[in-house]
Amino acid sequence: MFFHKKEIQNQQQLKQQVAQAALDYIKPGMVVGIGTGSTVNCFIDALAQIKHKVELTVSSSDESTKRLKEHGFEVVDLNYPNKVDIYIDGADEANKHRELIKGGGGALTREKICRVSSEKFVCIIDESKLVTRLGSFPLPVEIIPMARSYVAKALVALGGQPIYREGFTTDNGNIILDVHNLEIDNPLQLERELNQITGIVCNGLFAVHAADVMLIAKNDGDIEIIK
Ligand code: 5RP
C-alpha cells in the first residue's frame, strides 16, 4: 500500500520536472497553446511563474481553460490569434520518432486542432510513456454518436477491439471508443486510414503531425530531449 503511494508520488514529481523544463521554450510575447491532462496541469501551474511572458493562451479543453483562468491567464478562442507560437501537451504513449497516442483524457480532437494550428509542438512526458511500438495503450477514437455501431465494425475489420467509454461525453458532445489490440507498426498509415472512416471525428494518433520536440523526464532525474 505504502509502496504504491510512493510510486504515484514519484511519477507526479517527474511530471512536475518535465513541466518545469518546458518553460525554457516560452519566450516573451508568445501565444501559447495548452493541452490537457495531469502533466499539462503541472505545466499550467509552472507557467504561472512566468505569466508576464505569455501574451495569450488557447486551450484544448474546458478543464485546462478553467485552470488557466484560475491562474489569471487570458484564454482566447483559437480562431482569434494570427498564430499560435507553441503548443505544449502530454501523451499517453510516445515512440522515439515523436509519434504519439493521445486522448486518454478524451480531449484528442481539440488537442489535434490546437497542434496543427501551432508553429511548434513540445510534448512533455515521463519515461513510463515511452514505448518501442505504439498500441499497448488503447487508441481513443472520437465518434459521432449515431455512427457508433458502423465505426465499431470498421475498427474490428482493422483488427482492433473497440470498447465504448461508458458515461463519457467529449467537450464536442461526442463519444469515445477505446480501441484495444491494434498492432500499430505504421502509425502514419493507420492514422490516415482511420481518417477515412465516416463517423470518426478524430483518432488519437499524432503521427501525420507528430511532436516537434519531446521532453522526457527520466527516473534518474535527467530530462531527455528528442527532436
Ligand atoms: C488527454 C491527453 C493527455 O495528454 C494524455 O491523456 C496524457 O495525460 P496525463 O498527462 O494525465 O498522463 O491526450 O486527452
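Before any of the text, the structure's been laid out above.
Predicted model only: the values in this text are computed from it and were never measured. Position numbers for residues start from 1 in each chain and track the written sequence from start to end. With pLDDT at 70 or above as the cut-off, local features in this predicted model cover only qualifying residues; side-chain atom pairs require 80 or more to be listed or tallied, and sums for whole chains, interfaces and linings still use all residues. Hydrogens and water molecules were not included; the side-chain quantities draw on all heavy atoms of the structure.

## Structural notes on the overall build of the protein chain
Test applied: Secondary structure counts use DSSP, requiring at least four H or I residues in a row for a helix and at least two E residues in a row for a strand, with both numbered from the N terminus. Here the globule rule is a power law, 2.2 Å times the number of residues to the power 0.38, and the radius of gyration is based on C-alpha atoms. Residues are treated as being in contact if the distance between any of their heavy atoms lies within 4.5 Å. In these tables, accessible area is a Shrake-Rupley quantity obtained with a 1.4 Å probe, and a residue counts as shielded only by the protein chains included in the view. This count recognises Lys and Arg as positive and Asp and Glu as negative, with His and chain-terminal groups excluded. In this description, the location of a charge corresponds to atom NZ of lysine, CZ of arginine, CG of aspartate or CD of glutamate.
Across its full length, the protein chain holds six helices and 13 strands. Taken over the C-alpha trace, the protein chain has a radius of gyration of 17 Å; the compact-globule value for 227 residues is 17 Å, and the two agree within 12%. Within the protein chain, contacts between residues at least 6 apart in sequence are counted, and of these 72% link residues at least 24 apart. When the accessible area of the protein chain is evaluated, it comes to approximately 11,200 Å², of which 49% is carbon and sulfur surface. Of the charged side chains in the protein chain, 25 are positive and 30 negative, and the gap between their average positions amounts to 2 Å.

## Structural notes on the layout of surface pockets
Here is the rule: Only protein atoms enter the 1 Å grid, on which a cavity is a set of points fitting a 1.4 Å probe that cannot get out and a pocket is an open set with protein on both sides within 12 Å along at least 5 of 7 lines, lining residues being those with an atom within 4 Å of a point. Grid points are joined across faces, edges and corners, and a volume is the space filled by probe spheres set on the points.
Its boundaries defined by the atoms lining it, the largest pocket holds a volume of some 200 Å³. Broken down by element, the residue count for the lining of the largest pocket peaks at three residues, all from helix 2 (residues 38–47).

## Remarks on the site of the ligand
We count it as follows: If a single non-hydrogen atom of a residue is within 4 Å of a molecule or strand, that residue counts as near it. Distance and chemistry together define a polar contact, namely a pair of N or O atoms within 3.5 Å, with one atom able to donate a hydrogen and the other to accept it when in protein, and with adjacent residues in sequence counting only for side-chain atoms on both sides. Assignment to a cavity or pocket requires that more than half of a molecule's atoms be within 2 Å of the site's grid points.
For the ligand, the set of nearby residues contains 17 residues, the closest of which are S38, T39, D92, G103 and K129. A distance of 2.8 Å is found between an oxygen atom of the ligand and a side-chain nitrogen or oxygen belonging to K102. In the model, an oxygen atom of the ligand is placed 3.4 Å from a nitrogen or oxygen of the G106 main chain. Contact with the protein chains hides 91% of the accessible area of the ligand, taken as 380 Å² for the molecule alone. A majority-of-atoms criterion places the ligand in the largest pocket.

## Re the pattern of salt bridges
To keep it simple, the criterion reads: In the sections that follow, a salt bridge refers to a side-chain nitrogen of Lys or Arg positioned within 4 Å of a carboxyl oxygen of Asp or Glu. Only protein chains enter the accessibility calculation, which uses a 1.4 Å probe. A residue is then buried if its area is under 20% of the maximum for its type, exposed if over 50%, and partly exposed in between.
Evaluation of the coordinates by the stated rule reveals 12 salt bridges. In this structure, K66 engages E70 in a salt bridge whose closest nitrogen and oxygen atoms are separated by 3.2 Å. Within this pair, K66 and its partner E70 are both found in helix 3 (residues 62–70), separated by four residues, close to a single helical turn. Looking at K66, the relative accessible area reads 56%, which means it is exposed. For the salt bridge of R115 with D212, the shortest nitrogen-to-oxygen distance reads 3.3 Å.

## Brief notes about the sheet that holds strand 4 (residues 93–94)
Stated formally: At least two DSSP bridges between two strands are needed for those strands to be called paired.
Reading across from one edge, 4-5-11 is the order of the three strands in this open sheet, with antiparallel pairing throughout. Each edge of the sheet is formed by a strand with only one pairing partner; in this case those strands are strand 4 and strand 11 (205–206). Alignment of strand 5 (residues 100–101) against strand 11, held across two bridges, turns out to be antiparallel. Within strand 11, the residue paired with L100 across the bridge is F206.

## Observations regarding the sheet that holds strand 7 (residues 139–143)
What counts, and what does not: Inter-axis angles, ranging from 0 to 180 degrees, are taken between N-to-C directions of lines fitted to C-alpha atoms, where helices are fitted over the stretch in contact.
Read across the sheet, four strands follow the order 8-9-7-10 without closing on themselves; strand pairing throughout is antiparallel. Looking at which strands have only one partner, the edges of the open sheet turn out to be strand 8 (161–164) and strand 10 (200–203). This sheet shows a mean twist of 30° between the axes of neighbouring strands, independent of strand direction. In this structure, strand 7 lies alongside strand 10, joined through three bridges in antiparallel fashion. By the bridge assignment for strand 10, E142 is matched with C202. Across the sheet, helix 5 (residues 148–157) is in contact with strand 7, strand 8, strand 9 (175–180) and strand 10; its angle to strand 9 comes to roughly 15°.

## Remarks on helix 5
We apply this condition: As used here, the arc belongs to the directions running from the helix axis to the C-beta atoms.
Listed in full, the buried residues belonging to helix 5 are V151, A154 and L155. Across the axial projection of helix 5, the buried residues extend over an arc of 100°, all falling on one side. Exposed residues on helix 5 whose side chains face more than 90 degrees from its buried face are K153, V156 and A157. As for helix 5, its buried residues are in contact with strand 7, strand 8, strand 9, helix 6 (187–195) and strand 10. Where helix 5 terminates, the next one or two residues include G159, which has phi positive at roughly 100°.

## What to know about unusual backbone geometry
Despite not being glycine, R98 shows a phi value in the positive range, around 70°. With respect to the helices, strands and loops of the structure, R98 is situated in the loop between strand 4 and strand 5. Its identity as a non-glycine residue notwithstanding, N181 has a phi of 65°, on the positive side. Note on placement: N181 falls in the loop between strand 9 and helix 6.

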